[in-house]
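Here is how the chains run, residue by residue.
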Amino acid sequence: MSALETTAAAGPVLVRQDGPEARITLNRPKQRNALSLEAMHEVTAAARRLGTDPSVRAIVIEGAGPAFCAGHDLGEMVGRDVAFYQHVFDVCTEMMEALRRVPQPVIARVHGMATAAGCQLVASCDLAVAVEEARFGTPGVKIGLFCSTPMVPLSRAIGRKRALEMLLTGTPIDAATALDWGLVNRVVPADALDDAVGELVEAIARSSSLTVAIGKEAFYKQVELDEPRAYDLTKTVMAMNMLAADAQEGICAFLEKREPTWTGR
């Protein structure tokens, strides 16, 4: 992967690709990668563009500088009218939903603080890897702005009581707690972060892109359903999945004790 320029001139969001991995970098290090309207629009556009690229097998989101993401850019949010505020949260929701809807798994690479909408971003990603020094918080309650939109993916990731503790107190949690609570998948030393992310990308890339996309979409559709409806949905998904060329190839390869050749169909 080429060296990453993180100057203001480079823009608030950078995108690069190396083999099966595409990386979206929040590039506002002086602002702790606060999510300006421009930055959120660019992340959404990048995700949608990468989502149509069959060579991209996983998308990694990271932050430049000392923090992962400090949440919304509060400098944009003083003295505006309700229409502006509604627009900000519409754009933020659109960004989070875009990450969920791309067919590739999205991995948060967290090397520093992830607060408010930054914590929401981690919770919205499919997978997350953090360094031991990372911290996660929803401190909005301390400044009179409850983290209402961040609590949507956060409560679904870690459960009600834990989410409410974070939301009502504004007290951040450390990486070990985030791992225990299910907000992140792995916690590693700083010098092992890229290797840990790379391992996940490589594991994902070994499977059929079609199968992974089918599975990601079905997961989010079934997870909020009751059990009978979830089974109704996933039975149909599996039956249709069986018709795919990659499914037939994978089964035959297993029976013949050889490596499968994926076509993405």
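As a reminder, the structure under discussion sits directly above these lines.
What comes next is a walk through the structure.

### Some points on the overall build of the protein chain
Thought 1: Helix and strand counts for the protein chain stand at 10 helices and 9 strands.
Thought 2: Taken over the C-alpha trace, the protein chain has a radius of gyration of 19 Å; the compact-globule value for 265 residues is 18 Å, and the two agree within 12%.
Thought 3: Each principal axis of the C-alpha atoms in the protein chain carries an extent, and together these give about 65 × 45 × 35 Å.
Thought 4: Looking at the protein chain residue by residue over its 265 residues, the buried ones come to 43%.
Thought 5: Across the protein chain, every contact between residues at least 6 apart in sequence was considered, and the portion connecting residues at least 24 apart equals 65%.
Thought 6: When the 27 basic and 33 acidic side-chain charges of the protein chain are each reduced to a single mean position, those positions are 3 Å apart.

### As for the pairing of strand E3 (residues 58–63)
Thought 1: Counting buried positions over the 6 residues of E3 gives 6, a clear majority of the element.
Thought 2: Two strands pair when backbone bridges link them, and strand E2 (residues 21–26) and E3 are joined in this way by 6 bridges, in the parallel orientation. Bridge assignment links alanine 22 to a residue of E3, and that residue is isoleucine 59.
Thought 3: Crossover E2 to E3 through helix H1 (residues 37–51) is right-handed.
Thought 4: Both E3 and strand E4 (residues 106–110) contribute to a ladder of 3 bridges, which runs parallel. Note on E4: the bridge partner recorded for isoleucine 59 is valine 106.

### Some details on the side chain of aspartate 246
Thought 1: Tracing the backbone shows aspartate 246 in helix H10 (residues 245–255).
Thought 2: Within the structure, the side chain of aspartate 246 is placed 2.9 Å from the backbone nitrogen of threonine 263, a separation counted as a polar contact.
Thought 3: At 2.9 Å, the side chain of aspartate 246 forms a polar contact with the backbone nitrogen of glycine 264.
Thought 4: Among all residues touching aspartate 246, those that are not within four sequence positions of it are Ser208, Leu210, Thr261, Trp262, Thr263, Gly264 and Arg265.

### Considering the pattern of salt bridges
Thought 1: A complete count under the given rule lists 17 salt bridges for this structure.
Thought 2: Of the charged contacts in the structure, one is a salt bridge between aspartate 126 and lysine 216, with a shortest N-O distance of 2.8 Å. One end of the pair, aspartate 126, is in the loop between helix H3 (117–124) and strand E6 (127–131); the other, lysine 216, is in helix H8 (residues 209–222), with 90 residues separating them in the sequence.
Thought 3: A residue is classified by how much of its surface remains accessible, and lysine 216, at 8% relative accessible area, is buried.

### Quick word on the environment of proline 20
Thought 1: Mapped onto the secondary structure, proline 20 falls in the loop between strand E1 (13–18) and E2.
Thought 2: With a relative accessible area of 30%, proline 20 lands in the partly exposed category.
Thought 3: In this structure, the C-alpha to C-alpha distance between proline 20 and valine 201, residues 181 residues apart in sequence, is 7.5 Å.
Thought 4: With sequence-adjacent residues up to four places away left out, proline 20 is seen in contact with Ser55, Val56, Arg57, Ala58, Val201 and Ala205.

### Description of the pairing of E4
Thought 1: Of all 5 residues making up E4, 5 are buried, and the element is well covered by its neighbours.
Thought 2: Of the two faces of E4, the one carrying Val106, Ala108 and Val110 and the one carrying Ile107 and Arg109 are both buried.
Thought 3: As a crossover connection, the stretch from E3 through helix H2 (residues 82–101) into E4 is right-handed.

What counts as what
- Residues numbered from 1 in each chain as written.
- Predicted model: local features only at pLDDT ≥ 70, side-chain atom pairs only at ≥ 80, totals over all residues.
- Heavy atoms only, no water.
- Helix = DSSP H or I, 4+ residues; strand = E, 2+ residues; numbered from the N terminus.
- Rg over C-alpha atoms; globule rule 2.2 N^0.38 Å.
- Buried < 20%, exposed > 50% of the residue type's maximum accessible area, 1.4 Å probe, protein only.
- Contact = heavy atoms within 4.5 Å.
- Lys, Arg positive; Asp, Glu negative; His and termini not counted.
- Charge placed at Lys NZ, Arg CZ, Asp CG, Glu CD.
- Pairing = 2+ DSSP bridges.
- Right-handed = clockwise from strand over helix to strand, strands pointing away.
- Polar contact = N/O pair within 3.5 Å; in protein donor to acceptor, adjacent residues only side chain to side chain.
- Salt bridge = Lys/Arg side-chain N within 4 Å of Asp/Glu carboxyl O.

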